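These are the residues of each chain, in order.
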Amino acid sequence: MSRLDFTEDEPGKKVIMLGNEALARGILEAGVIVGAGYPGTPSSEILSTLAIMKNFYPHLKLEWSINEKVGFETAYGASMCDVRAVACMKHVGVNVASDAFMTACYAGARGGMVLISADDPNLYSSQNEQDNRYFGLHALVPVFEPSTPQEAKDMLKYAFDFSEQFQSLVLFRTTTRLNHGRGDVTLGNIAQIDRDYSFDWDRSRWVCLPSHSRVLRMRLLERLELISESADEFQFNSLKLSDEKINGTKYGFVTAGIPHGHLIDALNYFGIFEKVSILKLGLVYPPPKKLIKKLYDNVDEILTIEELEPFIENILKQIAYEEGLSKEISIHGKDFFPQNGEFSAELYLEIISDFIGLEYKRNPVPKKMLIIPPRLPILCPGCSHRATFYAIKQVEKKKKTKFVNSSDIGCYTLAVYKPLEGLDTEVCMGGSIGLANGITKVQPKENPVLAILGDSTFFHSGIPALINAVYNQNDMLVIILDNRSTSMTGFQENAGTGIKIDRTPGTRVILEDLVKGCGVKQENIWIQDSNELNELITKLEEAVDRKGVRVLISRHTCSLIEVNQMRAQEITPPKIIVDQEKCIGCLICVNRFGCPAINFDEDLKKASIDQNVCRGCKVCIEVCPQQAIIEEL
Ligand SMILES: Cc1ncc(C[n+]2csc(CCOP(=O)(O)OP(=O)(O)O)c2C)c(N)n1
């Protein structure tokens, strides 16, 4: 395997890196051994980059864990053995890990331990836009936030030293722009940590029963106090003071993370960078009180710029109150910047000009700008999920009823849009079966309740909800869309494929055995290839009619993976065409099935198949009532 730049052992070399690659590099340079987590945008490339690095640094022990709680615990178990360890996840993953995190913070870290939370302002690929800095406040754990890929690497490397120095966990918050942006990064030394790793048999520390945890909580508070006292010296905090006034007022700004770079650009745009004071935080919690007081002493008005919640703003206001300064200094934040979304460069110019009272005219939109029409996200051509949702619709129609389709998070969530409109709920991973437990208790029986989720999601958090359904006799039909992949987040392997993160074989977990193990009766389990549409409809009908907890595994490899496998084996996919003689222009294939490979000629009133898009799944052959869609042999 050829080396990629981010794997080089060449300190001083400058490399352009994705933020997540820079984070992985920071982990490598810190001498971390164990890395675990669960995929989720925008965090996924951190562990997968480490998996590439493992080819050259075999000391790395990595895994895709089954969910974020297990990922966090895997890393924390390693920390108990004095090993440096990292857990990586997206912001909502921290909700899943929080049960472990909220108590692990008491005993703290032995080997340096960092939890990376990749937050997603603007919900580019998430179900909410929660601000996970509050998890640090909640758990009394320090929160770091970097502004650039270089800083992300350096700050993360330092986070492991810091964690060991204070025996504290560190919550490392990034946002999508940092994770998925690129920048220059200067490579550093790759630390080799020479220690006798082994478990520390200290029950008073690791057994968190009440009598121990009362003591541990006092230690946690003492630890936070020590960190607070050192926060002013934190090497990634900086204070730039200016004595100049603008229109008779001395202005100060406080930022952290991505907003810092945007602020500098905006100040330079107005030519006022030298005229304002700026406090940049790398450690956003606990706050550096002396630096903050210095800023208060130097300015009249402060604007805090942070994406999502007024986290820093509230801390600043609290300190001003404690210092008796709340009437003398005005601290702004969410009265200027929104509490939602990601801030555009334009927004900084508008708001900063408004805050200071500067002239600013919005840049006119160029007349010849390319306007891209808004398009809904759609399932891929050949996606087996389309076949399953189409089959569900057919059974619904046959039975002249409406199902409650309690669903989940994965590629299949896109089936919410026309023409499939196959989802009625989607809240959080595993929520499909969880919600169905409640819906089925009260919904009239003429509306069968379906819980529809993917294979990775079932492994992640569907299992307890299924056991709950069996135990409590909550009638439902669970449909597991087994495409043998965690496709939505980048085709990561999972327990069902049995391939580990470094692509070596692990032990495969057989989905149907698992379902049976959850207590579902053998006669209530069906397995069907999703792309064999007519058989799928037959089995679905049977499963809908049955009572109790039933599970149908609709199985077909993700079409993107399948097409790549075919290419690798130089297999040409079947060529599917429309027999123009037989096509009557009924539009069922377009308006009800909705595969993007099928086109319709409005003049000829005939369908056709775009061979550049079609993946040869053949499902549309069974969709066409005229038998006009055929395989060209
Ligand atoms: C708690 C949590 N962790 C991670 C994610 C990110 N995520 C969204 S869908 C998904 C998995 C989808 O895999 P699967 O269920 O197999 O469906 P597929 O996309 O393959 O159809 C993940 C990891 C999330 N939304 N919530």
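Up top you'll find the structure we're talking about.
We now turn to the structure provided with this report.

All right, on to the overall build of the protein then. If you tally the helices and strands in the protein, you get 21 helices and 23 strands. Computed over the C-alpha atoms, the radius of gyration of the protein is 28 Å, within 12% of the 26 Å expected from 2.2 N^0.38 for a compact globule of 633 residues. Seen through its principal axes, the protein has C-alpha atoms that stretch 80 × 70 × 55 Å. Within the protein, buried positions represent 55% of all 633 residues.

Not every one of the 26 residues close to the ligand is listed here, only the nearest: Glu68, His385, Cys411, Asp455 and Thr457. At 2.9 Å from an oxygen atom of the ligand is found a main-chain nitrogen or oxygen belonging to Met488. Here the ligand has 590 Å² of accessible area as a free molecule, and 98% of this is covered by the chains. Judged by the proximity of its atoms to the pocket grid, the ligand belongs to the largest pocket. Broken down by secondary-structure element, the contributors of at least two residues to the shell around the ligand are helix H4 (91–107) and helix H16 (455–471). Per-element tally for the shell around the ligand: the top contributor is H16, with four residues.

What follows covers the layout of surface pockets. The volume enclosed by the largest pocket comes to roughly 670 Å³. Lining the largest pocket are 38 residues, with Gln127, Ile409, Gly410, Met429 and Met488 sitting closest to its centre. Tallied by class, the residues present in the lining of the largest pocket amount to 14 nonpolar, 20 polar and four charged. Taken together, 21 residues form the lining of the second largest pocket, with Trp64, Asn494, Ala495, Ile499 and Lys500 sitting closest to its centre. Counting residues per element, the ones that place at least two in the lining of the second largest pocket are strand S3 (61–64) and H16. Across the lining of the second largest pocket, the residue classes tally to ten nonpolar, eight polar and three charged.

Moving on to the sheet that holds strand S4 (residues 85–90). Within the open sheet, the seven strands sit side by side as S3-S2-S4-S5-S7-S6-S12. Their pairing is mixed. Two strands bound the open sheet, and with one partner strand each, they are S3 and strand S12 (283–285). For strand S6 (residues 143–144) and S12, the ladder comprises two bridges, and the chain directions are antiparallel. Paired with Phe144 across the strands is Leu283, a residue of S12. Most of the contacts of helix H3 (residues 68–80) go to S4, to which it runs at about 165°, and overall it touches strand S2 (34–37), S3, S4 and strand S5 (113–119).

Another point: the side chain of Ser487. Relative to the elements of secondary structure, Ser487 occurs in the loop between strand S17 (476–482) and helix H17 (511–517). By relative accessible area, which is 9% here, Ser487 ends up buried. Engagement of the side chain of Ser487 in a polar contact is seen with the side chain of Ser485, the distance being 3.0 Å.

If you trace the backbone, Asp482 turns up in strand S17. Apart from the residues lying within four places of it in its own chain, the contact partners of Asp482 are Asp455, Leu511, Ile553, Ser554, Arg555 and His556.

The largest bend along H16 reaches roughly 70° and is located at Gly462, with the proline Pro464 sitting one to four residues downstream. Every buried residue of H16 is accounted for by Asp455, Ser456, Thr457, Phe458, Phe459, His460, Gly462, Ile463, Ala465, Leu466 and Ala469. Just past H16, the residue Gln473 takes up positive phi, approximately 55°.

On to the pattern of salt bridges, then. Applying the stated rule across the entire model yields 36 salt bridges. Taking the shortest distance from any N to any O, the salt bridge between Lys153 and Glu29 comes out at 2.8 Å. Here Glu29 lies in helix H1 (residues 19–29) and Lys153 lies in helix H6 (residues 149–166), a separation of 124 residues in the sequence. Given the relative accessible area of 2%, Lys153 is considered buried. Glu29 sits in the buried class, given a relative accessible area of 0%.

The mixed open sheet is built from five strands, whose spatial order is S9-S11-S10-S13-S14. On the outer flanks of this sheet lie strand S9 (238–240) and strand S14 (330–332), each paired with one strand and no other. Each strand of the sheet is rotated relative to its neighbour by a mean of 15°, with strand direction disregarded. Where S9 meets strand S11 (residues 277–281), three bridges bridge the pair, whose relative direction is antiparallel. For Ser238, the partnering residue across the bridge sits in S11 and is Lys280.

Scoring rules and cut-offs
Residues numbered from 1 in each chain as written. Predicted model: local features only at pLDDT ≥ 70, side-chain atom pairs only at ≥ 80, totals over all residues. Heavy atoms only, no water. Helix = DSSP H or I, 4+ residues; strand = E, 2+ residues; numbered from the N terminus. Rg over C-alpha atoms; globule rule 2.2 N^0.38 Å. Buried < 20%, exposed > 50% of the residue type's maximum accessible area, 1.4 Å probe, protein only. Near = heavy atom within 4 Å. Polar contact = N/O pair within 3.5 Å; in protein donor to acceptor, adjacent residues only side chain to side chain. Areas by Shrake-Rupley, 256 points an atom, 1.4 Å probe, with all protein chains shown as cover. 1 Å grid on protein atoms, 1.4 Å probe; cavity = no way out; pocket = protein on both sides within 12 Å on 5 of 7 lines; lining within 4 Å. Sits in = over half its atoms within 2 Å of the grid points. Points joined across faces, edges and corners; volume = space filled by probe spheres on them. Nonpolar A, V, L, I, M, F, W, Y, C, P; charged D, E, K, R; others polar. Pairing = 2+ DSSP bridges. Contact = heavy atoms within 4.5 Å. Axes fitted to C-alpha atoms, helices over the stretch in contact; angles between N-to-C directions. Bend = angle between axes of the 7 residues up to and from the residue. Salt bridge = Lys/Arg side-chain N within 4 Å of Asp/Glu carboxyl O.

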